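The primary structure of each chain is shown beneath.
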Amino acid sequence: MASWFGGLGSGLGQSLGQVGGSLSSLTGQISSFTKDILLEGAEEVGDAATELHVSNSRLREIESINAAQKFENERLKKVCSDLEEKHEAAELQIKQLSIEYRNQLQQKEVEISHLKARQNALQEQLQKVQMAAQSAQLRAGVLPPAATSATYVPVVRHSSEFEGDDMDFGDIIWSQQEINRLSNEVSTLESEVDHWKQIALSSKVQGTNDAEQSEICKLQNTVKELKQHLSQEIDEHQHELSVLQDAHRQKLVEISRRHREELSEYEERIEELESQLQQGGVSAHAMDDFKISEQKKNAQSLEGGKVEELQVVKDLEDEIGILSHKLSAAKEENKVLLKEQELAKVEKIQIMQEYENLKSDFSMLQSSVAEQDALQKEQEKKLQSKTLLPEDVVRLQQALLEAENEIARLSSLNQGIEKELTSAQHKNENILSAYTEDQNSELSQLRQDLERKERELNESIAERETLIVELEELDKQNQEATQHMITLKEQLSKQHTETDSIIKQLKSDIDFERKKVSELEIEKMEATKELDSQKEKLSKCSYAYNDLHISKQQLQDNVKDLQEQLRKAQDCNLRNEKEIGDLQQRLKEREEELSVSLSKLTEKSNQESNYTCQDLILKEREVEISKLQNDISENKQLNEDLEKSLSDLRTENGKLIAATEELKQELSDAISEKNKVYLEKDTVVEALKMEKRQLESELNLTEKRLLEQAHKYKQTIEELSNARSMDTTALQLEHERLVKLNQEKDFKIAELKRSIEQMEIDHQETKEMLTTSLGGQKQLTELIKEKEVFIEKFKNQALQVKQELEEYIKVSKKQDVLKQNLEEKDRSLAVMKEENNHLKEEIERLKDQQSRSTPVVEPKTLDIIIELESEVTQLKVIKNNLEEEIEVHKKTIEDQNQTTMQLQQSLQEQRKEIDESKFQCEQMNVTHERLSLEKDEEIKNLQKTIEQIKTQLHKERQIIQTDSSDLFQETKVQTLNGENGNEKHDLSKAEIERLVEGIKEREMEIKLLNEKNVSLSQQIDQLSKDEVGKLTRIIQEKDLEIQALNARVSSASYRQDVLCLQQQLQAYVIEREQVLAVLSEKTRENSQLKTEYRNIMDMVAAKEAALVRLQEENQKLSNRSENSSQDMSRETIQNLSRIIREKDIEIDALSQKCQTLLTVLQTSSTGADNGSGGVNSNQFEELLQERDKLKQQVKKMEEWKQQVITTVQNMQHESAHLQEELHKLQAQISVESDSNSKLQVDYNGLIQSYEQNEKKLKSFSQELAQVQHSIGQLHNTKDLLLSKLDLVTPSVAATSTISQLSGIQYRAPEVLSDESKLLQKELEQLKKTLEEKDSTIRTLQENNQRLSDSVATASEIERKSQEGTESEMRQIKEKHDVLQKSLREKDILIKSKSDQLLSVSENLSNKENENELLKQAVTNLKERNLILEMDIRKLKEENENIVASCREKETEFRALQETNMQFSMMLKEKEFESHTMKEKALAFEKLLKEKEQGKTGELNQLLHEVKSMQEKAVTFQQERDQVMVALKQKQMESSALQSEIQHLREKEQRLNQELERLRNHLLEMEDSYTREALAAEDREVKLRKKVLILEEKLLSSSTAVENASHQASLQVESLQEQLNLVSKQRDETVLQLTISQDQVKQYALSLANLQMVLEQFQQEEKAMYSAELEKHQKQTAEWRKKAENLEEKVVSLQESLGEANAALDAASRLTEQLDIKEEQIEELKKEGEIRREMLEDVQNKLMNFMNSTEGKVDKVLMRNLFVGHFHTPKNKRPEVLRLMGSILGIKKEELDQLLSEDRGGVTRWVTGWLGGGAGSKSVPSTPLRPTHQNIFNSSFSELFVQFLETESCPSLPPPKLSVHDMKPLGAAGTGKTSSTPSNSQMQDSAVSGASRRPDKSPFLAPRSAAVPLITPASSSGHLLMKPISDALPTFTPLPVSPDASAGAVLKDLLKQ
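Residues numbered from 1 in each chain as written. Predicted model: local features only at pLDDT ≥ 70, side-chain atom pairs only at ≥ 80, totals over all residues. Heavy atoms only, no water.

## Examining the overall build of the protein chain
Part 1 of the argument: Of regular secondary structure, the protein chain possesses 34 helices and zero strands.
Part 2 of the argument: Counting only residues that meet the buried cut, the protein chain has 31% of its 1952 residues in that class.
Part 3 of the argument: Looking at the protein chain alone, contacts between residues at least 24 apart form 91% of all its contacts between residues at least 6 apart. (Helix = DSSP H or I, 4+ residues; strand = E, 2+ residues; numbered from the N terminus. Buried < 20%, exposed > 50% of the residue type's maximum accessible area, 1.4 Å probe, protein only. Contact = heavy atoms within 4.5 Å.)

In structure tokens:
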């Protein structure tokens, strides 16, 4: 572009220079002519002849001059025509550029609006509406330049951004060269083919010779080998190609990944820049319009290059499309050429080279992309250092994206080329297989095609060369574009400096606002102090309340202690009474026993007076009686003492109960008084809050007014400064127009912002209403009514704003937002109702609990009940207030519903419009489709015509090739000038080109229309998505707000907030008064400023009039230039502008002189009016000073704002941390409460178990008593039995036994001695009478036996009873032991739980203290948040004020424009007066010089005095302001210090009180724990006593327990023995298990070894088979060689025979030798015939075998193929189907028809299946023998056994054929030899179907090759019916590729 402009400029300069030269020559001639005419009058000639002569000479001179002038005129006309053409071209280009710049301007305006939307984070609702609207504008703006660029593409050639574009064309040229080279090779191959054809023809002529036939066979073999090599090489190259493609894809993936990473980095940078912009301040962006205009300029200059480059890219894409069409045609021709056999090799080399070139291209593209990235990064760094705007970054991103799109496009082209080449290869392979039979006929056709294609290739080469020239031109244009970009960047840097200065001004304004905010904060601090004082009072009340609670708890504890003492005393009384009863019973029993004993004594004393034992017994009994009487007396005394103590305790109990009742009454009174105090405080706080809000609203209004006025004056000053700095050229008119447009758009944006802010204010007020309603009471209803009045006012304002906004589309979405707000309010109301319901349910539940609870309620539950009742009353009050406010809100909701209905109607209308637009879009789409179809038909027709023309032009193309470069230049000239005709080429070709161009233009139009449709659909989708997203966001925000409100309502800091608000209200009343005073001062200043403004307007009027005049002159000049385009040029315009500027300067100087002279005259005439001008200037200076001050204040305010932001962020972080800690503490408390509840449950369970154990003990004691009673009964029965036995015995025995018993009982040895003496005497007497007494002795013996029996039975009964008692005692003892253990465990548990309780209580107290501290911190944070919210509201109101002031300034600006027009009219009149003023000025100067000498002194003195007075006044004002500021700061500091001191004091008091409370609490806790410990000790003592008693009782039964334990130990021993046996058995089983595991491992090892052996066997077999195969092959080769040698010998012998026959007559000696040789010959012939017969038999057998195997298909193979078909991917399934078809014998043509839909070339997969080709590594499936049919059903071991059996069978060695058995061939064998190669051909063709390379490896032979050839035993019988073991082992051979290993083979076997 720049170079083109430069060329135009130089051309214009030259032409203008020529014009200037010709003009100068003309003027010289004219001047000379005039001189001659003047001289004519001087010359006077006398003679007529001389006169004639002179006149003739003059005429000749004039004629010569005339001829010269005509020549000059013609030359000038030509120059003018050239200039006109250039001018027209320049005008067209200028128009195009202006259109482009306007479009760019629109785009930049859209981008600026986007940035504003981003920066204003509060205005999320507007953002997406603007995006939708402005994206539509953008698309509307982008389309016209595209159309224009399409029309003027040939005129201006732009360059792309990318250096890699020319790489594609380089590739094309290189490919063309490759094609030429290939065509040469084809020609050489054709010559070779011709040579071979000639040989073939000659061979046909000489068909009789056998040697030529052998040559033909050899050639056919070589052809086959070459085919196989070709197929192998093709496979290898396909593999290489796939590898290279994979590498290429990987590189592409890496590049795309890098690109994404770079994009993410750019996005992060953009976000950082945006954040910086946002920090810079939202207010700054809203205020300055001048800055935005400069940003637009930047955008224009930046986007200028982008549109041009986009056009260039489109042009290049069109050219690439044309080239791709040509390429496709060339490739089709190449495909025809590639039908030749050997061309495949050449193509392989070509493909490799092309791929390498593509690689190099790709690397070049990568490098170019990297360079561009580096350049862009450098540019970004520069721009970031210069500007903070993100527009540059966005532009660079777009450029990057376009570059990468280009790269992707080029890579896709390359891939397309590669795909086409691969498809050509596949087709080539197919053709090769088909073309083996008809070679000769096709070769002749190929020659003709080759010649034709060579011509076409030459033509395409010429076209490529022309394209290269075009590419070079495009590169040049690209360089020019880059230079243009650099200049634009420099302009941007300049504009950046200007924006910085404006930002500084805005910062100073912000500082001023910060000062104001600091003053407001001081007042808020005072309010907070008052709040704190009230909080202290509240805390004191709470502490008093806590003290009361503590005292009450102490009294309750005393009562509990007394009650416990009473219970203990009662228990003691009961025990004493029980013991007394027991003692009385014992006394009675003893008395009864005494009476019994006395009666016995009396009886015995009567019976036996001799006994002395009774005295002793009596004495003992008397002693016992005396003891018992003493005990009884002592017990009576104890009873009397206990009764006395009981009476005392009862009296004390009554006193305590009375005291507790009194305390309860006092507590209730205190609580009621406290509630009253709270309610009074709440009402006062709420009233203060309402007053505070009113004052805040008034304050905000006043501040708004002030800010509006200040902003007006600032704008006027800025406009004046802008007006001064404006230039007077034609370009500035456009600049002013743009500024006006910018201002209008800014005003629109400001109006939208205002409406949104008003809506937000309404929303916030409704929120405030909700918060007040939640905490309010009946007294607040009047204040709420006042609020409703305010709300109605705001609603009226909102309705007005809505009426204004109904013109725009965006209102519909805002109305949706209102709907959502209403729904959210309804939800919040529902939530509140639910909360009320929950509270009611809780109240009912509490009532139920109260009704259920027993009359004896603990003091803690009483406190809880009292607190709940108070809460219930408060909640009822709140509920009533909420219900009242809900009614109020319902009314407001109804009003809002009406508004929403209206909004819905408007929405429906807009939806209808959208539907209509969609319908139109659809219709457009239909029409476009129709057009496209028509165009396609036209294109087809044109293509047909083009083909016809091509056929005609075949002859003329050679001529056209020579003139192609000239033609291209001619087309260029045509596009530029449009004059030169189609002189050098035919009309037909020109028509074709025109048609092609028309078609391309139509295609471009269709593409543009499609893009439009897509963009419209995207817009519609975006609108719907944006609406949905917006609604969801608003819902989420409202939910969060409702949650926050609920949290506030639930928080306890509400009352504190009320007090704080009351104090703030008082402070705001004072502030209001101060603000009113300030307002009055500001109004005065305002009036002064207005007067100054008028004076300044008078000053400006003159300059504006001059501007208007200049504008009119410019317009006239422009009109002239339009009418007369010949004389217009840039240089003349510049000259005129210079002249006009000089005139302007002169006019300004004259006007200033006139004004100064007038002022001087006025001062001279009237001395009173001397200081007016000075005053104006001084006032202006004051204004400037005030402006500087404001800037400084704004800077301070900005700094303060940043500090506030940082503090707020810190507070937020702290609050987050505190909240986390709170959550953690709550979780811990919940866990501890759970543990406490568990402990309580455990404790209750323990108490219950203890009581149960006591009951069990009692029952056991009763059971013991019963047992003792039963033992006593048993003793009694025993005595009775003994007494009965005594009665049965005779008298003598009875007496002796009675005496014995009595002796034993009463311990009397003396009685025994007397009885023995008597018996001795009786014995001595009865010795004589022994015989008589034998009978008596027998009877006695019988009696003794009976007694012994009775005694035995008694002893058995006693044993049984003892055993029963012993078992019972054991059970009791076991139970006792269990109880003791449980008791000890429970004691330990109780101790541990008490310790845990202590620790938990301590933790709880700590946590409660921490919670209180955190609550205080949270309340403080909430207060701070509220303060910050208030500040934000104030800032919003200030923004509204600014917007209002902008509106007022608009009106003022219009008024100024009108005044400017008037002043321009005035200026025109004053221009006429300026001439007169000059004359007057001269006169005045003279007068002044005379008067200056006298008057200058006085004037100077007066001026100096005025200036000094003004300066003093200014200084005094400044000092006053500074002193006021300092005073305010001092007051703030002192107040802050006082507040801090108060805070510290309050904290100290609180901490001291908390310490005292904690100490009291600890003491109480310790007392309670000590009491509990004492009670526990008492219980332990009692339990121990009981245990001792039980132990004493159980001592008697311990012996029985020991016996039982002995028996148990015996049982245990027996059990242990059994256990030992079991353990032994287990060990044995474990050993068996380990042995079995070892065996398993051994089996596994043996299995592995067997597998290894198997593999070795198979390898050995393979080696054997391969060796045998090689041997057979070698043998066959040797036999063939021998046969050939024999044939040669036969030929030679035949020749010698002929010679011998000829020489028979001559040589008779050799007859004998000849006979011998004839015999030898006959033998050889026989051998040859035998060999031939053998060969024929073998071949026939082979053919039969082939036919049999070809007809049959292996089931296993088909199964594998079927399964493989489903396992293979979908891309390769047709190949599997082809395989199956080839096996089943389906023809290729039928298969192709079946698979015509999913057609693909034969790949390596097929060869892998068939087992052929070196590339395939898969092992072919072996055919199963009939013996191995059940191979799949048998196990591995069975298979292995079968394998060993087959191996063990002896195999016959392969048959060896001796050379001597061969028979010589006869001469008649020519026919047979000719038949053999045909058979071999057939075999080879059969094999080639399976494999392409049978010679490479002997293992990969087909199925037929696996069976070795054997000589049949008899000709009869089929070969397959004979046993195979005769020739080979029965195990099937495994053909394996040399690459595959034995392991792979095994795996394949297992898989099959």
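## Quick word on the pattern of salt bridges
Part 1 of the argument: Enumeration over the complete set of coordinates arrives at 36 salt bridges.
Part 2 of the argument: Its salt-bridge partner being Asp509, residue Lys714 comes within 2.9 Å of it at the nearest N-O pair. Taken as a pair, Lys714 in helix α11 (residues 613-725) and Asp509 in helix α10 (residues 439-607) lie far apart in primary sequence, 205 residues in all.
Part 3 of the argument: Judged by relative accessible area, Asp509 falls into the buried class, the value being 11%. (Salt bridge = Lys/Arg side-chain N within 4 Å of Asp/Glu carboxyl O.)

## A few points about helix α28 (residues 1773-1784)
Part 1 of the argument: With 12 residues, α28 should reach 16 Å at 1.5 Å per residue; the first-to-last C-alpha distance of 17 Å fits that figure.
Part 2 of the argument: Buried residues of α28: Pro1774, Glu1775, Val1776, Arg1778, Leu1779, Met1780 and Gly1781, and no others.
Part 3 of the argument: Positive backbone phi, approximately 85°, marks Gly1785, located one or two places after α28. (Expected span 1.5 Å × (residues − 1).)

## A closer look at the packing of helix α27 (residues 1755-1767) against α28
Part 1 of the argument: α28 packs onto α27 with a crossing angle of 165° between their chain directions and a minimal axis gap of 9 Å. In terms of orientation, α27 and α28 fall into the roughly antiparallel class. Handedness of the crossing formed by α27 with α28: left-handed. Along its contact with α27, which presents Leu1757, Met1758, Leu1761, Phe1762, His1765 and Phe1766, the element α28 presents Arg1773, Val1776, Leu1777, Leu1779, Met1780, Ile1783 and Leu1784. (Axes fitted to C-alpha atoms, helices over the stretch in contact; angles between N-to-C directions. Parallel < 35°, antiparallel > 145°, perpendicular 65-115°, else oblique. Left-handed = near helix turned anticlockwise from the far one by under 90°.)

## A short note on the packing of aromatic side chains
In this description, an aromatic ring pair is defined by two values, namely the gap between the centres and the angle between the planes.
Part 1 of the argument: Under the counting rule described, the total for this entry stands at two aromatic pairs.
Part 2 of the argument: Seen in terms of ring centroids, Phe1657 and Phe1843 are 5.4 Å apart; in terms of plane orientation they differ by 70°. Their pairing is edge-to-face. Of the two residues, Phe1657 is situated in helix α25 (residues 1598-1702) and Phe1843 in helix α31 (residues 1836-1848); the sequence distance between them amounts to 186 residues.
Part 3 of the argument: The class for Phe1843 is buried, based on a relative accessible area of 4%.
Part 4 of the argument: Taking the centre distance of 5.2 Å and the plane angle of 75° together, the rings of Phe1762 and Phe1766 count as edge-to-face. Note that Phe1762 and Phe1766 are positioned in helix α27 at a spacing of four residues, about one turn of the helix.
Part 5 of the argument: For Arg1731, the ring lying beneath its charged end belongs to Trp1679, and the centroid distance is 4.8 Å. (Phe/Tyr/Trp six-rings, centres within 6.5 Å; stacked < 30°, edge-to-face > 60°. Lys NZ or Arg CZ within 6 Å of the ring centre and 35° of its normal.)

## Side note on a negative patch on the surface
Part 1 of the argument: A cluster of acidic residues, Glu841, Glu842, Glu844, Asp848, Glu867 and Glu871, forms a negative patch on the protein surface.
Part 2 of the argument: Those elements that place two or more of their residues in the negative patch are α14 (811-852) and α15 (859-953).
Part 3 of the argument: Tallying contributions element by element places α14 first for the negative patch, with four residues.
Part 4 of the argument: Structurally, the position occupied by Glu842 is in helix α14. (Patch = residues over 30% accessible without salt bridge, like charges linked within 9 Å, V, L, I, M, F, W, Y side chains within 5 Å. Areas by Shrake-Rupley, 256 points an atom, 1.4 Å probe, with all protein chains shown as cover. Lys, Arg positive; Asp, Glu negative; His and termini not counted. Charge placed at Lys NZ, Arg CZ, Asp CG, Glu CD.)

## A closer look at the side chain of Ser1249
Part 1 of the argument: Along the chain, the position of Ser1249 falls in helix α21 (residues 1172-1288).
Part 2 of the argument: There is a polar contact of 3.2 Å between the side chain of Ser1249 and the side chain of Lys1386. (Polar contact = N/O pair within 3.5 Å; in protein donor to acceptor, adjacent residues only side chain to side chain.)

## Thoughts on the nonpolar core
Part 1 of the argument: Grouped together as the largest cluster of nonpolar side chains are eight residues: Ile510, Val517, Val1194, Met1197, Trp1200, Val1204, Val1208 and Leu1428.
Part 2 of the argument: Looking at this core, the elements that each hand over two or more residues are α10 and α21.
Part 3 of the argument: No other element matches the five residues that α21 contributes to this core. (Core = buried A, V, L, I, M, F, W, Y, C linked by side-chain atoms within 4.5 Å.)

## Overview of a positive patch on the surface
Part 1 of the argument: Taken together, the side chains of Arg575, Lys578, Lys1255, Lys1258, Arg1579, Lys1582, Lys1585 and Lys1586 define a basic patch exposed on the protein surface.
Part 2 of the argument: Within the residue set of the positive patch, elements represented by two or more residues are α10, α21 and α24 (1334-1595).
Part 3 of the argument: In terms of residues, the positive patch owes the most to one element, α24, which gives four residues.
Part 4 of the argument: As for its placement among the helices and strands, Arg575 is situated in helix α10.

## What about the side chain of Gln104?
Part 1 of the argument: With respect to the helices and strands, Gln104 occurs in helix α2 (residues 48-119).
Part 2 of the argument: Setting aside residues no more than four positions away along its own chain, Gln104 makes contact with Gln300, Glu303, Gly304 and Val307.

## Some remarks on the confidence of the model for the protein chain
Part 1 of the argument: In this model, the protein chain carries a mean pLDDT of 78, and residues with pLDDT of at least 70 account for 78%.
Part 2 of the argument: Taking the mean pLDDT of every element in the protein chain, the minimum, 41, falls on helix α33 (residues 1903-1906) and the maximum, 91, on α25.
Part 3 of the argument: Note on residues 142-167: pLDDT under 50 across the span, and 61 contacts to partners over four residues away in sequence or across chains.
Part 4 of the argument: Note that residues 1800-1832 has pLDDT below 50 and, in this model, 75 contacts with residues that lie over four places away or in other chains. (pLDDT = per-residue confidence, 0-100.)

## Quick look at the environment of Lys753
Part 1 of the argument: Among the structural elements, Lys753 can be located in helix α12 (residues 730-775).
Part 2 of the argument: Residue Lys753 is classed as buried on the basis of its relative accessible area of 11%.
Part 3 of the argument: Sequence spacing of Lys753 and Glu1440 is 687 residues, and the spatial spacing of their C-alpha atoms is 8.3 Å.

## So, the environment of Glu579
Part 1 of the argument: Relative to the elements of secondary structure, Glu579 occurs in helix α10.
Part 2 of the argument: Expressed as a C-alpha distance, the spacing of Glu579 and Asn635, which sit 56 residues apart in the sequence, is 8.9 Å.

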